[in-house]
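Fold and contact review
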Amino acid sequence: MKCTLIKLPEVSAMTGCSRSKIYADMQSSLFPSSIRLGARSVTWVDYEIDEWIEARIAGKTDDEIKALIASQKAAREALAAV
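Here goes a summary of the coordinates provided. Only a predicted model underlies this, so the values are computations on that prediction, with no experimental measurement involved. (Residues numbered from 1 in each chain as written. Predicted model: local features only at pLDDT ≥ 70, side-chain atom pairs only at ≥ 80, totals over all residues. Heavy atoms only, no water.)

**Description of the packing of helix H1 (residues 8-15) against helix H3 (residues 46-57)**
- Following both chains from N to C, one finds H1 and H3 inclined at 20°, their axes separated by 11 Å at the closest point. Taken as axis vectors, H1 and H3 run roughly parallel relative to one another. As H1 runs across H3, the sense of the crossing is right-handed. Facing Val 11, Met 14 and Thr 15 of H1, the residues of H3 in contact are Ile 49, Asp 50, Trp 52 and Ile 53.
- The residue makeup of the contact of H1 with H3, split by class, is 5 nonpolar, 1 polar and 1 charged. (Axes fitted to C-alpha atoms, helices over the stretch in contact; angles between N-to-C directions. Helix = DSSP H or I, 4+ residues; strand = E, 2+ residues; numbered from the N terminus. Parallel < 35°, antiparallel > 145°, perpendicular 65-115°, else oblique. Left-handed = near helix turned anticlockwise from the far one by under 90°. Contact = heavy atoms within 4.5 Å. Nonpolar A, V, L, I, M, F, W, Y, C, P; charged D, E, K, R; others polar.)

See the structure below:
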């Protein structure tokens, strides 16, 4: 699967969420986690953000969103193990 890494301003524009809301939701497992590129640089995977947006539009509950985030995390770990 081809993916693009996107920075915080684009994630914020796509979701309508502020920086603080994104990071608070990441801590609560309600938003896809970022990927650290360096000491002061993080990005997000575009299709993970798209999946999150689609889930929110579909009216998924917080528990369903947490399950989505957990499956995204598992997919990343599987990819890293290859």
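**Re the sheet that holds strand S1 (residues 5-6)**
- Strand order in this open sheet of 3 strands is S1-S3-S2, and the pairing throughout is antiparallel. Every interior strand has two partners, whereas the edge strands, S1 and strand S2 (35-38), have only one.
- Note: S2 against strand S3 (residues 41-45), 3 bridges, orientation antiparallel. In the strand pairing of S3, Arg 36 is matched with Val 42.
- In the packing of H3 onto the sheet, the strands contacted are S1 and S3, and the crossing angle to S3 comes to about 55°. (Pairing = 2+ DSSP bridges.)

**Some details on helix H2 (residues 19-27)**
- Residues Ile 22, Asp 25 and Met 26 constitute the buried set of H2. All buried residues of H2 fall inside an arc of 105° around its axis, so they share one side. Projecting away from the buried face of H2 at angles above 90 degrees are the exposed residues Ser 20 and Gln 27.
- Those residues of H2 that are buried are in contact with H1 and S3.
- Backbone geometry just downstream of H2 places Ser 29 in the positive-phi region, at approximately 60°. (Buried < 20%, exposed > 50% of the residue type's maximum accessible area, 1.4 Å probe, protein only. Arc of directions from axis to C-beta.)

**Examining the packing of aromatic side chains**
- Inspection of every chain in the model, using the stated rule, returns 2 aromatic pairs.
- Arranged with centres 6.1 Å apart and planes meeting at 70°, the rings of Tyr 23 and Trp 44 form a pair that is edge-to-face. With a gap of 21 residues between them, Tyr 23 in helix H2 and Trp 44 in strand S3 connect regions that are remote in the sequence.
- What makes Tyr 23 partly exposed here is its relative accessible area of 26%.
- Ring centres of Phe 31 and Trp 52 lie 4.8 Å apart, and the angle between their planes is 65°; this geometry places the pair in the edge-to-face category. In this pair, Phe 31 sits in the loop between H2 and S2 while Trp 52 sits in helix H3, placing the two residues 21 residues apart along the sequence. (Phe/Tyr/Trp six-rings, centres within 6.5 Å; stacked < 30°, edge-to-face > 60°.)

It is worth stressing that arrangement in space is one thing and function is another; only the former is reported here.
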